[in-house]
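Per-entry structural report
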Amino acid sequence: MGAMPNERAKRVLLAKPRGYCAGVDRAVETVEKALELYGPPVYVRKQIVHNIHVVRTLEQGGAIFVDENDEVPAGSIVVFSAHGVAPEVHRQAEQRDLKAIDATCPLVTKVHAEARRFAADDYDILLIGHEGHEEVIGTTGEAPDHITLVDGVDDVANVKVRNPEKVVWLSQTTLSVDETMETVAALSDRFPSLQAPPSDDICYATQNRQQVVKEIAAECDVVIVVGSTNSSNSVRLVEVALQAGARAGHLVDYAHEIEDAWLADASTVGVTSGASVPEELVQGVLDHLAGHGFTDLTEITSVKEKLTFSLPRELVLDMRAAEKAKAEA
Ligand code: SF4
(Lines give C-alpha, C1' and ligand atoms only; values in the text may rest on other atoms or scores of the structure.)
Protein backbone atom coordinates (compact mmCIF):
# COMPACT_ATOMS: atom_id res chain seq x y z
CA MET A 1 0.00 0.00 0.00
CA GLY A 2 1.38 3.48 -0.90
CA ALA A 3 1.98 6.12 1.71
CA MET A 4 -0.98 8.37 2.51
CA PRO A 5 -0.27 12.00 1.52
CA ASN A 6 -0.05 13.08 5.14
CA GLU A 7 2.59 10.41 5.80
CA ARG A 8 5.01 11.93 3.29
CA ALA A 9 8.13 13.60 4.59
CA LYS A 10 7.54 17.28 4.73
CA ARG A 11 9.80 19.50 2.67
CA VAL A 12 12.37 22.13 3.46
CA LEU A 13 13.61 24.43 0.69
CA LEU A 14 16.90 25.88 1.87
CA ALA A 15 17.95 29.05 0.10
CA LYS A 16 21.50 29.58 -1.12
CA PRO A 17 23.17 32.04 -0.95
CA ARG A 18 22.20 32.80 2.62
CA GLY A 19 24.00 33.95 5.75
CA TYR A 20 27.37 35.62 5.99
CA CYS A 21 28.39 38.03 3.26
CA ALA A 22 31.96 39.10 2.61
CA GLY A 23 31.56 42.31 4.63
CA VAL A 24 30.21 40.55 7.72
CA ASP A 25 32.80 37.81 7.51
CA ARG A 26 35.54 40.45 7.44
CA ALA A 27 34.04 42.50 10.28
CA VAL A 28 33.64 39.53 12.63
CA GLU A 29 37.13 38.28 11.80
CA THR A 30 38.48 41.77 12.46
CA VAL A 31 37.23 41.65 16.06
CA GLU A 32 38.44 38.06 16.53
CA LYS A 33 41.91 38.88 15.21
CA ALA A 34 42.07 42.10 17.24
CA LEU A 35 41.28 40.11 20.40
CA GLU A 36 44.03 37.61 19.50
CA LEU A 37 46.58 40.28 18.69
CA TYR A 38 46.01 42.92 21.35
CA GLY A 39 44.25 40.81 23.99
CA PRO A 40 40.97 41.78 25.63
CA PRO A 41 39.33 44.13 26.06
CA VAL A 42 38.78 45.32 22.53
CA TYR A 43 36.07 47.96 22.32
CA VAL A 44 33.60 47.85 19.47
CA ARG A 45 31.50 50.90 18.61
CA LYS A 46 27.93 49.67 17.94
CA GLN A 47 27.09 46.07 17.17
CA ILE A 48 29.85 44.91 14.84
CA VAL A 49 27.12 43.31 12.69
CA HIS A 50 23.40 43.25 13.46
CA ASN A 51 23.16 39.79 14.99
CA ILE A 52 22.67 39.16 18.67
CA HIS A 53 24.39 35.75 18.65
CA VAL A 54 27.53 37.15 17.03
CA VAL A 55 27.62 40.00 19.55
CA ARG A 56 27.20 37.68 22.56
CA THR A 57 29.89 35.29 21.26
CA LEU A 58 32.39 38.11 20.79
CA GLU A 59 31.53 39.50 24.23
CA GLN A 60 32.46 36.14 25.71
CA GLY A 61 35.83 36.48 23.96
CA GLY A 62 36.50 39.86 25.55
CA ALA A 63 34.89 42.39 23.20
CA ILE A 64 33.09 45.29 24.85
CA PHE A 65 30.33 46.89 22.81
CA VAL A 66 29.68 50.60 23.29
CA ASP A 67 27.45 53.13 21.63
CA GLU A 68 29.90 55.97 21.30
CA ASN A 69 33.63 56.68 21.41
CA ASP A 70 33.35 58.59 24.68
CA GLU A 71 32.60 55.31 26.46
CA VAL A 72 36.00 53.95 25.37
CA PRO A 73 38.89 54.63 27.77
CA ALA A 74 41.48 56.97 26.23
CA GLY A 75 44.28 55.12 24.47
CA SER A 76 42.24 51.92 23.92
CA ILE A 77 41.50 50.00 20.77
CA VAL A 78 38.13 50.57 19.13
CA VAL A 79 36.68 48.75 16.14
CA PHE A 80 34.10 50.52 13.98
CA SER A 81 31.27 48.31 12.77
CA ALA A 82 30.54 47.01 9.26
CA HIS A 83 27.82 49.65 8.79
CA GLY A 84 30.28 52.50 8.55
CA VAL A 85 30.77 55.74 10.46
CA ALA A 86 30.64 59.44 9.73
CA PRO A 87 34.02 61.22 9.42
CA GLU A 88 33.23 62.92 12.74
CA VAL A 89 33.52 59.55 14.50
CA HIS A 90 37.08 59.15 13.22
CA ARG A 91 37.88 62.66 14.45
CA GLN A 92 36.47 61.89 17.92
CA ALA A 93 38.60 58.74 18.08
CA GLU A 94 41.73 60.73 17.24
CA GLN A 95 40.91 63.30 19.90
CA ARG A 96 40.58 60.56 22.51
CA ASP A 97 43.81 58.97 21.32
CA LEU A 98 41.98 55.75 20.43
CA LYS A 99 43.50 53.25 18.06
CA ALA A 100 40.66 52.86 15.57
CA ILE A 101 40.27 49.82 13.36
CA ASP A 102 37.68 50.45 10.71
CA ALA A 103 35.65 47.33 9.82
CA THR A 104 33.28 49.26 7.56
CA CYS A 105 32.27 47.02 4.67
CA PRO A 106 34.08 48.17 1.51
CA LEU A 107 30.71 48.27 -0.25
CA VAL A 108 29.49 50.82 2.29
CA THR A 109 32.75 52.73 1.89
CA LYS A 110 31.98 52.85 -1.83
CA VAL A 111 28.66 54.62 -1.13
CA HIS A 112 30.46 57.07 1.19
CA ALA A 113 32.87 57.88 -1.65
CA GLU A 114 29.95 58.45 -4.05
CA ALA A 115 28.36 60.80 -1.51
CA ARG A 116 31.59 62.80 -1.17
CA ARG A 117 32.07 63.00 -4.92
CA PHE A 118 28.53 64.17 -5.72
CA ALA A 119 28.61 66.62 -2.81
CA ALA A 120 31.89 68.05 -4.12
CA ASP A 121 30.10 68.58 -7.46
CA ASP A 122 27.34 70.37 -5.50
CA TYR A 123 24.58 67.85 -6.25
CA ASP A 124 21.53 67.35 -4.06
CA ILE A 125 21.86 63.73 -2.98
CA LEU A 126 18.66 61.82 -2.23
CA LEU A 127 19.69 58.94 0.00
CA ILE A 128 17.08 56.18 -0.01
CA GLY A 129 17.23 54.38 3.32
CA HIS A 130 15.73 53.83 6.74
CA GLU A 131 15.77 56.73 9.15
CA GLY A 132 17.99 56.08 12.16
CA HIS A 133 19.85 53.10 10.63
CA GLU A 134 23.57 53.28 11.44
CA GLU A 135 24.60 53.01 7.82
CA VAL A 136 22.37 55.94 6.86
CA ILE A 137 23.74 58.03 9.72
CA GLY A 138 27.31 57.25 8.64
CA THR A 139 26.73 58.01 4.96
CA THR A 140 24.83 61.22 5.73
CA GLY A 141 27.75 62.34 7.89
CA GLU A 142 29.93 62.47 4.76
CA ALA A 143 27.97 65.39 3.33
CA PRO A 144 25.18 66.47 5.69
CA ASP A 145 24.48 69.69 3.77
CA HIS A 146 23.92 67.86 0.50
CA ILE A 147 22.08 64.71 1.58
CA THR A 148 18.33 64.34 2.09
CA LEU A 149 16.99 61.06 3.41
CA VAL A 150 14.14 59.46 1.47
CA ASP A 151 12.62 56.79 3.67
CA GLY A 152 10.47 54.96 1.12
CA VAL A 153 8.04 55.93 -1.58
CA ASP A 154 5.71 57.80 0.81
CA ASP A 155 8.51 60.24 1.56
CA VAL A 156 8.98 61.30 -2.07
CA ALA A 157 6.31 64.03 -2.09
CA ASN A 158 8.08 65.84 0.77
CA VAL A 159 11.51 65.98 -0.84
CA LYS A 160 12.88 69.46 -1.50
CA VAL A 161 15.95 70.15 -3.63
CA ARG A 162 17.81 73.32 -4.51
CA ASN A 163 18.19 72.60 -8.22
CA PRO A 164 16.04 69.85 -9.78
CA GLU A 165 18.50 69.63 -12.68
CA LYS A 166 21.30 68.46 -10.39
CA VAL A 167 19.97 65.61 -8.32
CA VAL A 168 21.31 62.09 -7.79
CA TRP A 169 19.96 59.19 -5.75
CA LEU A 170 22.08 56.85 -3.66
CA SER A 171 20.89 54.13 -1.28
CA GLN A 172 21.52 52.09 1.81
CA THR A 173 23.11 48.76 0.84
CA THR A 174 20.53 46.47 2.45
CA LEU A 175 17.18 47.59 1.05
CA SER A 176 14.52 45.70 -0.84
CA VAL A 177 15.51 45.95 -4.50
CA ASP A 178 11.91 46.17 -5.71
CA GLU A 179 10.80 48.77 -3.18
CA THR A 180 13.84 50.88 -3.91
CA MET A 181 13.05 50.83 -7.62
CA GLU A 182 9.51 52.02 -6.81
CA THR A 183 10.95 54.89 -4.81
CA VAL A 184 13.36 55.74 -7.63
CA ALA A 185 10.50 55.73 -10.15
CA ALA A 186 8.53 58.13 -7.97
CA LEU A 187 11.58 60.37 -7.54
CA SER A 188 12.17 60.34 -11.32
CA ASP A 189 8.58 61.48 -11.87
CA ARG A 190 9.25 64.48 -9.65
CA PHE A 191 12.79 65.11 -10.89
CA PRO A 192 13.14 63.95 -14.51
CA SER A 193 16.87 64.78 -14.52
CA LEU A 194 17.50 62.50 -11.54
CA GLN A 195 20.80 60.64 -11.93
CA ALA A 196 21.48 57.10 -10.74
CA PRO A 197 24.53 55.96 -8.76
CA PRO A 198 27.44 54.90 -10.94
CA SER A 199 26.96 51.27 -9.80
CA ASP A 200 24.44 49.41 -7.62
CA ASP A 201 24.40 50.63 -4.03
CA ILE A 202 22.24 47.73 -2.86
CA CYS A 203 25.00 45.21 -2.41
CA TYR A 204 25.45 41.86 -4.16
CA ALA A 205 24.70 39.93 -0.96
CA THR A 206 21.40 41.70 -0.33
CA GLN A 207 20.37 41.22 -3.95
CA ASN A 208 21.35 37.56 -4.09
CA ARG A 209 19.58 36.63 -0.84
CA GLN A 210 16.42 38.35 -2.03
CA GLN A 211 16.63 36.70 -5.46
CA VAL A 212 16.71 33.12 -4.19
CA VAL A 213 13.93 33.79 -1.66
CA LYS A 214 11.79 35.02 -4.54
CA GLU A 215 12.49 31.76 -6.37
CA ILE A 216 11.29 29.54 -3.51
CA ALA A 217 8.61 31.69 -1.85
CA ALA A 218 5.58 30.68 -3.90
CA GLU A 219 6.15 27.01 -3.05
CA CYS A 220 6.38 27.67 0.68
CA ASP A 221 3.62 27.55 3.28
CA VAL A 222 5.95 29.44 5.53
CA VAL A 223 9.40 30.99 5.11
CA ILE A 224 11.59 31.18 8.19
CA VAL A 225 14.31 33.81 8.02
CA VAL A 226 17.07 33.49 10.60
CA GLY A 227 18.18 36.95 11.65
CA SER A 228 17.83 39.70 14.24
CA THR A 229 15.08 42.30 14.24
CA ASN A 230 17.59 45.16 13.85
CA SER A 231 19.13 43.53 10.77
CA SER A 232 17.78 45.46 7.80
CA ASN A 233 18.58 42.83 5.20
CA SER A 234 17.03 40.05 7.33
CA VAL A 235 13.79 41.98 7.86
CA ARG A 236 13.66 42.66 4.12
CA LEU A 237 13.91 38.93 3.41
CA VAL A 238 10.66 38.29 5.28
CA GLU A 239 8.95 41.07 3.32
CA VAL A 240 10.32 39.83 0.00
CA ALA A 241 9.16 36.26 0.78
CA LEU A 242 5.63 37.46 1.50
CA GLN A 243 5.53 39.67 -1.59
CA ALA A 244 6.73 36.75 -3.72
CA GLY A 245 3.93 34.45 -2.59
CA ALA A 246 4.93 32.72 0.65
CA ARG A 247 1.78 32.11 2.69
CA ALA A 248 3.58 33.23 5.88
CA GLY A 249 7.00 34.51 6.90
CA HIS A 250 8.75 34.83 10.25
CA LEU A 251 12.04 36.18 11.53
CA VAL A 252 13.78 34.24 14.34
CA ASP A 253 17.14 34.59 16.05
CA TYR A 254 17.09 30.99 17.30
CA ALA A 255 15.27 27.76 16.48
CA HIS A 256 13.47 27.70 19.81
CA GLU A 257 11.51 30.79 18.75
CA ILE A 258 9.72 28.78 16.05
CA GLU A 259 6.13 28.28 17.13
CA ASP A 260 4.48 24.90 16.53
CA ALA A 261 1.44 26.70 15.12
CA TRP A 262 3.56 28.01 12.23
CA LEU A 263 4.30 24.45 11.15
CA ALA A 264 0.97 22.82 11.99
CA ASP A 265 -0.57 22.90 8.51
CA ALA A 266 2.62 23.36 6.53
CA SER A 267 4.03 20.83 4.13
CA THR A 268 6.83 23.01 2.68
CA VAL A 269 8.96 25.38 4.73
CA GLY A 270 11.50 27.76 3.20
CA VAL A 271 14.60 28.62 5.20
CA THR A 272 17.11 31.38 4.69
CA SER A 273 19.22 33.73 6.79
CA GLY A 274 20.36 37.32 6.73
CA ALA A 275 23.86 38.44 5.82
CA SER A 276 24.93 38.70 9.47
CA VAL A 277 23.84 35.21 10.55
CA PRO A 278 26.27 32.38 11.36
CA GLU A 279 25.45 29.08 9.69
CA GLU A 280 25.20 27.23 13.03
CA LEU A 281 21.95 29.08 13.72
CA VAL A 282 20.50 27.90 10.41
CA GLN A 283 21.58 24.36 11.28
CA GLY A 284 19.69 24.72 14.57
CA VAL A 285 16.54 25.62 12.62
CA LEU A 286 17.01 22.68 10.24
CA ASP A 287 17.40 20.30 13.20
CA HIS A 288 14.27 21.74 14.79
CA LEU A 289 12.32 21.28 11.55
CA ALA A 290 13.61 17.71 11.15
CA GLY A 291 12.30 17.01 14.64
CA HIS A 292 8.88 18.10 13.38
CA GLY A 293 8.92 15.79 10.35
CA PHE A 294 10.48 18.19 7.85
CA THR A 295 13.17 15.79 6.70
CA ASP A 296 13.05 16.18 2.92
CA LEU A 297 15.69 18.89 2.51
CA THR A 298 16.53 20.49 -0.83
CA GLU A 299 19.01 23.30 -1.21
CA ILE A 300 18.04 25.75 -3.95
CA THR A 301 21.03 27.67 -5.30
CA SER A 302 20.55 30.79 -7.40
CA VAL A 303 24.12 32.06 -7.74
CA LYS A 304 27.52 31.15 -6.34
CA GLU A 305 29.24 33.87 -4.34
CA LYS A 306 33.02 34.12 -4.37
CA LEU A 307 33.71 37.64 -3.11
CA THR A 308 36.01 38.08 -0.12
CA PHE A 309 37.54 41.20 1.42
CA SER A 310 40.92 41.54 3.05
CA LEU A 311 41.09 42.64 6.69
CA PRO A 312 41.43 46.37 7.53
CA ARG A 313 44.89 47.62 6.63
CA GLU A 314 45.61 49.06 10.08
CA LEU A 315 45.04 45.61 11.61
CA VAL A 316 47.01 43.78 8.93
CA LEU A 317 50.03 46.05 9.50
CA ASP A 318 49.96 45.34 13.26
CA MET A 319 49.58 41.60 12.63
CA ARG A 320 52.62 41.64 10.33
CA ALA A 321 54.64 43.64 12.84
CA ALA A 322 53.73 41.15 15.60
CA GLU A 323 54.73 38.20 13.40
CA LYS A 324 58.04 39.85 12.55
CA ALA A 325 58.75 40.60 16.22
CA LYS A 326 57.97 36.97 17.10
CA ALA A 327 60.29 35.65 14.37
CA GLU A 328 63.13 37.89 15.56
CA ALA A 329 62.70 37.03 19.24
S1 SF4 B 1 25.26 43.21 3.57
FE2 SF4 B 1 26.39 44.01 1.81
S3 SF4 B 1 27.06 46.05 2.41
FE4 SF4 B 1 26.43 44.96 4.29
S5 SF4 B 1 28.31 44.06 5.07
FE6 SF4 B 1 27.37 42.54 3.74
S7 SF4 B 1 28.33 42.85 1.71
FE8 SF4 B 1 28.71 44.67 2.95
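What counts as what
Each chain carries its own residue numbering, running from 1 in the written order of its sequence. A pLDDT threshold of at least 70 governs which residues receive local features in this predicted model, and a stricter bar of 80 or more applies before side-chain atom pairs are shown or counted, although totals over entire chains, interfaces and linings include all residues. Where each domain begins and ends is defined by an automated method or by a domain database. Note on contacts: each residue gets a C-beta atom placed from the backbone, and two residues are in contact if those atoms are within 7 Å. Note on residue classes: Ala, Val, Leu, Ile, Met, Phe, Trp, Tyr, Cys and Pro are nonpolar, Asp, Glu, Lys and Arg are charged, and everything else, Gly too, is polar. The C-beta atom of each residue is placed using the backbone, and any residue whose C-beta lies within 6 Å of a molecule or strand is treated as near it. A run of H or I in DSSP becomes a helix once it reaches four residues, and a run of E becomes a strand once it reaches two; helices and strands are each numbered from the N terminus. When DSSP finds two or more bridges between a pair of strands, those strands are recorded as paired. Angles run from 0 to 180 degrees between N-to-C directions of axes, and those axes are lines fitted to C-alpha atoms, restricted for helices to the stretch in contact. Burial in this document is a count-based property: other C-beta atoms within 10 Å of a residue's C-beta are tallied, and the residue is buried at 20 or more, exposed at 12 or fewer, or partly exposed in between, with C-beta positions derived from the backbone. The length a helix should cover is 1.5 Å for every residue beyond the first. Confidence of the predictor at the level of single residues is captured by pLDDT, which takes values from 0 to 100. Throughout, the term roughly parallel applies to angles under 35 degrees, roughly antiparallel to angles over 145, roughly perpendicular to angles from 65 to 115, and oblique to all others. Put simply, a crossing is left-handed when the front helix is turned counterclockwise from the back one by less than a right angle, and right-handed when it is turned clockwise.

Turning next to the domain arrangement of the protein. What the domain assignment lists for the protein is domain 1 (9–20 + 204–301), domain 2 (22–104 + 311–328) and domain 3 (107–190). On a C-alpha basis, the centres of domain 2 and domain 3 stand 28 Å from each other. Counting from both sides, the interface comprises 10 residues of domain 2 and, opposite them, 11 residues of domain 3. For the side of domain 2 that touches domain 3, the residue count by class is three nonpolar, five polar and two charged.

With that settled, the discussion passes to the site of the ligand. The environment of the ligand is formed by 15 residues, the closest being C21, G23, C105, T173 and C203. Broken down by secondary-structure element, the contributors of at least two residues to the shell around the ligand are α1 (22–38), α4 (106–120) and α7 (204–217). Here the shell around the ligand takes three residues from α1, the largest share from any one element.

This part covers the sheet that holds strand β5 (residues 99–102). Read from one edge to the other, the open sheet built from four strands follows the order β3-β2-β4-β5, with strand pairing classed as parallel. Because the sheet does not close on itself, it has two edges, and the strands there are β3 (63–66) and β5. Looking at each pair of strands side by side, their axes are set apart by 30° on average, direction ignored. Here strand β4 (residues 77–80) runs beside β5; their pairing, made up of four bridges, is parallel. Looking at the pairing, V79 lines up with I101 of β5.

Mapped onto the elements, N51 comes out in the loop between β2 (42–45) and α2 (52–60). Among the residues examined, N51 registers 27 C-beta atoms within 10 Å and is labelled buried. Note: C-alpha distance between N51 and G274 (223 residues apart in sequence) is 9.1 Å. Excluding anything up to four places from it in sequence, N51 contacts S228, S231, S276 and V277.

Within the element layout of this structure, D25 appears in helix α1. For D25, a count of 19 C-beta atoms within 10 Å gives the class partly exposed. Measuring from C-alpha to C-alpha, the distance between D25 and I300 comes to 22 Å, with 275 residues separating the pair along the chain.

Attention now moves to helix α8 (residues 232–243). End to end, α8 covers 16 Å across 12 residues, agreeing with the expected 16 Å (1.5 Å per residue, within 8%). Burial runs high along α8: nine of the 12 residues are buried. Every buried residue of α8 is accounted for by S232, N233, S234, V235, R236, L237, V238, V240 and A241. Buried residues belonging to α8 abut α7, β9 (222–226), β10 (249–252) and β11 (268–273). Looking at the residues trailing α8, positive phi occurs at G245, about 110°.

In this section: the sheet that holds β9. Read from one edge of the open sheet, five strands run β10-β9-β11-β1-β12, paired in parallel fashion. Two strands lie at the open edges of the sheet, namely β10 and β12 (296–301), each paired on one side alone. Taken pair by pair, the neighbouring strands of this sheet meet at an average axis angle of 25°, ignoring direction. Bridge count between β9 and β10: four bridges; the pairing is parallel. For I224, the partnering residue across the bridge sits in β10 and is H250. The sheet strands contacting α8 are β9, β10 and β11, and the helix crosses β10 at an angle near 165°.

Bringing the confidence of the model for the protein into the picture now. Looking at the protein as a whole, its pLDDT mean stands at 96, while 98% of the residues score no less than 70. Here residues 1–5 scores under 50 on pLDDT; set against residues more than four positions off or in separate chains, the count is one contact.

Okay, the packing of α7 against α8 next. One way to put it is that α7 packs onto α8 with a least axis distance of 9 Å and a crossing angle of 25°. By the angle between their directions, the pair α7 and α8 is classed as roughly parallel. The crossing of α7 and α8 is right-handed. Note on element contacts: α8 touches α7 through N233, R236, L237, V240 and A241, opposite T206, R209, Q210, V213, K214 and A217. By residue class, the composition of the contact of α7 with α8 is five nonpolar, three polar and three charged.

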